[in-house]
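# Chain and residue survey
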Amino acid sequence: MELVVFVLAAAMILVGAIGVIVRSNPVHAALSLILTLFGVAVMFVAQNAHFLAAVQVIVYAGAIVVLFLFVIMLLGVDRSEDLSSEPFKVQRPLAAIVGLGVIGLVVAAVVSSRDAISVRGTGLNVADTLGDGDTNIKQLARSVFGDYVVAFEVTSVLLVVAVVGTVLLTRRVKGSGKDT
Amino acid sequence: MLELIWLIPALPLLGFLVNVVLGRVLGEPKSGALATLMVAASFVVTVGAFFDLISMPAEERHHVVTGFSWVPVGSLHVDLAFLADPLSITMALFVTGIGTLIHLYAIGYMHGDPNFSKFFIYLNLFVFSMLMLVMGENLLVTFLGWEGVGTCSYFLISFWHTRDSAATAGKKAFVTNRVGDWGVMMGMFLALGAAGTLSYSGINHAAESGALSAVTATAIGLMLFIGACGKSAQLPLYIWLPDAMEGPTPVSALIHAATMVTAGVFLMTRVNPVLAIAYDWVPTLIAIVGVATALFAATIAVAQTDIKKVLAYSTVSQLGFMFLAVGSGAYVAAIFHMVTHAFFKALLFLGSGSVIHGMHHEQDMRRMGALRKLMPVTAFTFIIGWLAIAGVPPFAGFWSKDEILLFAFAKSPILYVVGMITALLTAFYMTRQVIMVFFGEARWNDHSAEHGAHGDFKPHESPKIMLLPLVVLAGLSVIGGVMQLPFTKDLHFLEKWLEPVIEFGEADIHASWAYENKYLLLGIAVVVAISGILLSAVVYAKKKIGAIEPALLADGWRYDRAITSFMGGPGRRVFDGVAWVDRTIVDGAVNGVGRLVQGAGGTLRKGQTGAVRNYAAAVGLGVVALLVWFLLRGVVL
Amino acid sequence: MSSLAAATPTTTWYLILAAVLFGIGAVGVLVRRNPLVMFMCIELMLNAVNLSFVALAEKMGDIGGQTTVFFVMVVAAAEVVVGLGIIVSIMRRRPGVTADDVSALRG
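Residue positions are counted from 1 within each chain, in the order its sequence is given. Labels are handed out in written order, letters beginning with A for the chains and numbers beginning with 1 for the ligands. Where local features are concerned, this predicted model is filtered to residues with pLDDT of at least 70; where side-chain atom pairs are given and counted, the filter is 80 or more; whole-chain, interface and lining totals use all residues. Only hydrogens and water are set aside when side-chain values are computed; all heavy atoms of the structure are taken into account.

All names here are of chain B. As paired elements, strand β1 (residues 63-73) and strand β2 (residues 76-84) share nine bridges and run antiparallel to each other. By the bridge assignment, Val71 is partnered in β2 with Val78. Here, strands pair whenever DSSP counts at least two bridges between them. Helix numbering and strand numbering both begin at the N terminus, where a helix is a DSSP run of H or I of at least 4 residues and a strand a DSSP run of E of at least 2. In this antiparallel pair of consecutive strands, β1 and β2, the connection spans two residues, and Gly74 shows a positive phi of 60 degrees.

This is the structure in structure tokens:
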């Protein structure tokens, strides 16, 4: 059963990923991205990270990709990019080397170290079929607000800064019609 | 007063600085008077130091006053220090003394010259450099003065620089001196390497105690001798001195007769212990070069028509005598002759300057004659100088020349014979000069129109300010011999005075045939001098025998011409070749490195496309490479 | 066949999948010229990383992996906001610009 889930989700992920890099129309690429994100969310559930799966769908697929689409529509860059030509001749071979290199090497590392991964922590709380359904959230919350509370506060500051910064970056000065 | 010996060079330096700043303001004659005053003050200090030294016992006459530590580098410590010992004080005495007289003379001689104050700037700078040279406690201070006098010589020879011949003569002097300076520098390096110090006491002590090997001493001696040849105009490098007569006559008198040219002899005397322990052929070589130069220059002087050129070649010849003395181990005689020569040669030059001045800048002796009635004081003093240089007793030159020839005979009779022939020639050409200038018929009227038609041209006597130094020098030329009379040991004042400095190197000739028969040699010298004078009188005054003045001699045996054609021909080709090497290979290498870097940069530039994707690709490649590296050296694979 | 159907995906499978996803994202960044699509490929890479964190958290029994993913998502969101703001500023001036056109630092 898990195998089926895995294979399906993997297919979604890979098809979506290929779609992102292959589709010349940016809107199509964004939609492929959504497919990938959904696939990843399924994977999260399979790995007992229920909360994160939810966050993945709501934030990533729901907010970030929507933001992408907004910008695409706003700027009118939905014209297709010409993928057949490449101004830097060396770029595609380099990309191939990088891609294959990364994949190959990481796979090699993973495969050769699979016996070195061992249990370290106290274990994940898994919801059982009848009992408490939000054990994952509780455990995650304890971790975030307990061990990593400083990081949490800092990221909240980061969010504020990001918003303020972006507003400043993109505002038009009143009357002149020019950007800052 | 001994503590104040630093004032001796410092006062002319002060005069130089004041005249540099205020010279034009002071104008004529105040700037000249200031310069003269400074040198005179220096003379007074020197006299004071002399009396201080005399009052000390002989072994202690060696006082060093240190200015400051000049070069403290690693194991090399050279101080700017001044040494007051018999030799340096003797040199300083006649440099400042005669210098004062010549400064005084120059105030009169340079009257009306638009660059009057500039002249005295250079003169004071020269006296300062010369005093640094003689008062230096180590080779480096001496070398500072050595270079300084060379530079001032250049300035002063080409003083009237708008004249091409003067500018060229200045350059010639400087370049020729430079060849000699290389020798001095090599000598300094060798001395430093061998003795570990540049100070004279250190080097001489090393030589005396045997710490210096004979080979090293030979090398040092030879190198310093090359320098001396350049500065003192000996045979290979004398060519600048006759041309240096382009400068004003006070310059010729001061620099090229009395002081600068004696620097070489001084240097040799300073390092006499080194010469003493060198191989025997070194002093012999020095003596041979000296006597050969003396003869060579004397033959040329016989055929010269310019009044100053005769004296120039005469100076070269007399310097040859001094080197003959040095080579024969007669350092006392060399210094003796140096001092007497300073007296009478300065006198002769100043006298000739007086004649030139009175003849409205005419220098050709063929257009002079019968001047003794019109310029009595000049004539009288000139005649005294003539008798001194010809070697007629009791004038000063006789005693010093005789002393040299005595030691020369003790070394080798051949040297003596050649020296005697030179002495004969000296008497001959000097008499010729005196007759042509002061006696005979007046020949100036034949060409009076060429002097710009003054109408009735008549030579006149010079002003008193120019005559006073002549009289003083004439007096010194008469009595100068008293310093070292050969009759008894008690009269050897100069020898006793200089003994601490030269005792190691002075040759001991008491056992030689020459010493036992010195009165015989004395007599021969008198006879030779008188016969030279008489022969010249017969040729030039009585005109019984025709004058022999071949063009070859007048041209200086074509030596100068030979050097010029060599340098212009093969020499130039060598220089061009060296310049080619410098341009192509050295510069090519340096510029080539630059071009290489430029090319490499240009090639690397192509990687900076400005496109983010390329940079991202580069980052990606780096990541892959790192992963490979980690995996290869890590534990995983 | 039954043994194949019964095989459970191990952590290694997830990690390999994450590596492949990462590689695809990397290639996409290098090859695409449209800035927005390049950004999306960066998101792919981030997702790959998230996936591997979660897989390892499950394997090693440490909730810290999931916490990290949580933070990664927050930061990714912030990054997207700022990045898109920059892209908007650039593209407002020069419509139709691609990543290659922003080459003022060309040597």
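Past the structure itself, the notes keep going.
Taken together, the contact pairs 12 residues of chain B with 14 residues of chain A. Between chain B and chain A, roughly 1100 Å² of surface is buried when both sides are summed, and carbon and sulfur atoms account for 76% of that area. Basic side-chain nitrogens of Lys or Arg form a salt bridge, by our definition, when they fall within 4 Å of a carboxyl oxygen of Asp or Glu. The interface formed by chain B and chain A contains one salt bridge. A salt bridge links Glu86(A) to Arg613(B); the shortest N-O distance between them is 2.8 Å. Three categories are distinguished: nonpolar for Ala, Val, Leu, Ile, Met, Phe, Trp, Tyr, Cys and Pro, charged for Asp, Glu, Lys and Arg, and polar for the others, with Gly belonging to the last. Partitioned by chemical class, the residues of the side of chain B that touches chain A number eight nonpolar, three polar and one charged. Note on contacts: a residue pair qualifies if any of its non-hydrogen atoms lie within 4.5 Å across the two residues. Accessible surface is computed with a 1.4 Å probe, and the buried area is the amount of it that two parts give up when combined, taken over both parts together.

Here we take up the pattern of salt bridges. Within this structure, the stated rule accounts for 10 salt bridges over all chains. In this structure, the salt-bridge partner of Arg92(A) is Glu86(A), at a minimum N-O distance of 3.9 Å. Note that Glu147(B) and Arg178(B) form a salt bridge whose closest N and O atoms lie 3.0 Å from each other. Residue Glu147(B) is located in helix α4 (residues 139-157), and its partner Arg178(B) is located in helix α5 (residues 164-195); the two are separated by 31 residues in the primary sequence. The buried label applies to any residue whose accessible area, calculated with a 1.4 Å probe on protein chains only, is under 20% of its type's maximum; exposed applies above 50%, and partly exposed to all values in between. Residue classification places Arg178(B) among the partly exposed residues on the basis of a relative accessible area of 36%. Each of Glu86(A), Arg92(A) and Arg613(B) takes part in one network of salt bridges that share partners.

Right, let's get into unusual backbone geometry. All names here are of chain B. Of the consecutive residues Pro393 and Pro394, the connecting peptide bond is found in the cis state with omega at 0 degrees. For Pro394, the location among the structural elements is in the loop between α15 (376-390) and α16 (396-411). The backbone of His361 sits at a positive phi, close to 65 degrees, despite the residue not being glycine. Along the chain, His361 falls in the loop between α14 (331-358) and α15.

Here the focus is the side chain of Thr422(B). Residue and element names in this part refer to chain B. Structurally, the position occupied by Thr422 is in helix α17 (residues 413-438). Classification of Thr422 by relative accessible area gives buried; the value is 0%. Between N or O atoms, a polar contact is any pair within 3.5 Å; within protein, one atom must be a potential hydrogen donor and the other a potential acceptor, and residues adjacent in sequence are included only when both atoms are from side chains. Polar side-chain contacts of Thr422 include one of 2.8 Å to the backbone oxygen of Val418. The residues touching Thr422, leaving out its near neighbours within four places in the chain, are Ala294, Leu295, Ala298, Ser317 and Phe321.

This part takes up the environment of Val80(C). Tracing the chain through its elements places Val80(C) in helix α4 (residues 64-93). Overall, the relative accessible area of 0% leaves Val80(C) in the buried class. Residues Val80(C) and Met40(C) lie 40 residues apart in sequence; the distance between their C-alpha atoms is 9.4 Å. Excluding anything up to four places from it in sequence, Val80(C) contacts Ile64(A), Leu67(A), Phe68(A), Phe39(C) and Glu43(C).

Let's shift gears to the packing of α16(B) against helix α21 (residues 518-541) of chain B. Helix packing geometry: the angle between the two helix axes and the distance between the axes. Residue and element names in this part refer to chain B. Orientation is described by lines fitted to C-alpha atoms, with helices fitted over the stretch in contact, and by angles between N-to-C directions that extend from 0 to 180 degrees. Following both chains from N to C, one finds α16 and α21 inclined at 125 degrees, their axes separated by 10 Å at the closest point. The angle between the axes of α16 and α21 places the two elements in the oblique class. Considering the relative orientation of α16 and α21, their crossing is right-handed. In contact with Phe398, Asp402, Leu406 and Phe409 of α16, α21 contributes Lys518, Leu521, Leu522, Ala525 and Val526. Grouping the constituent residues of the contact of α16 with α21 by class yields seven nonpolar, no polar and two charged. In this scheme, roughly parallel covers angles under 35 degrees and roughly antiparallel covers those over 145, while 65 to 115 is roughly perpendicular and the rest are oblique. Each helix crossing is assigned a hand: it is left-handed if the near helix lies turned anticlockwise from the far helix by less than a right angle, otherwise right-handed if that turn is clockwise.

All names here are of chain B. On the surface, Phe566, Met567, Val574, Phe575 and Val578 cluster together into a nonpolar patch covering about 500 Å² of accessible area. The residue Phe575 is located in helix α23 (residues 559-605) in this model. The class for Phe575 is partly exposed, based on a relative accessible area of 47%. Only residues whose relative accessible area exceeds 30% and that form no salt bridge are eligible for patches; like-charged ones are grouped when within 9 Å, while nonpolar side chains (Val, Leu, Ile, Met, Phe, Trp, Tyr) are grouped when within 5 Å. Only the protein chains shown count as cover for residues, and the accessible areas themselves come from Shrake-Rupley with a 1.4 Å probe.

It is worth spelling out the interface of chain A and chain C at this point. Facing the 82 residues of chain A at the interface are 70 residues of chain C. Together chain A and chain C conceal approximately 7100 Å² of surface at their shared face, both sides included; 75% is due to carbon and sulfur atoms. In terms of surface lost to chain C, no three residues of chain A exceed Gln47(A), Tyr60(A) and Phe68(A), which account for 10% of the buried area on that side. The interface formed by chain A and chain C includes zero salt bridges. For the side of chain A that touches chain C, the secondary-structure elements that each account for two or more residues are α1 (2-22), α2 (26-46), α3 (50-75), α4 (91-112), α5 (135-147) and α6 (149-170) of chain A. Residues of the side of chain A that touches chain C, tallied by class, amount to 54 nonpolar, 18 polar and 10 charged.

With that settled, the discussion passes to helix α19 (residues 493-502) of chain B. Those residues of α19(B) that fall on the buried side of the exposure criterion are Leu494(B), Trp497(B), Leu498(B), Val501(B) and Ile502(B). Buried residues in α19(B), looked at end-on, bunch into an arc of 125 degrees, giving them a common side. This arc describes the spread of directions from the helix axis toward the C-beta atoms.

For the rest of this paragraph, the subject is the packing of aromatic side chains. Residues and elements named next belong to chain B. Geometry of aromatic contacts follows a simple scheme: Phe, Tyr and Trp rings, the Trp one being its six-membered ring, pair when their centres are within 6.5 Å, and the pair is stacked under 30 degrees between planes, edge-to-face over 60, tilted otherwise. Going through the model one piece at a time under the given rule, you end up with 26 aromatic pairs over all chains. Chaining the aromatic ring pairs together yields one cluster made of Phe116, Phe119, Phe120, Tyr122, Tyr154, Phe155, Phe159 and Phe174. A positively charged side chain is recorded as over a ring if its NZ (Lys) or CZ (Arg) lies within 6 Å of the ring centre. The angle to the ring normal must also be within 35 degrees. Positioned above the aromatic ring of Tyr200, the side-chain terminus of Arg270 is 5.2 Å from the ring centre. The cationic tip of Arg633 hangs over the ring face of Trp629; the distance from NZ or CZ to the ring centre is 4.8 Å.

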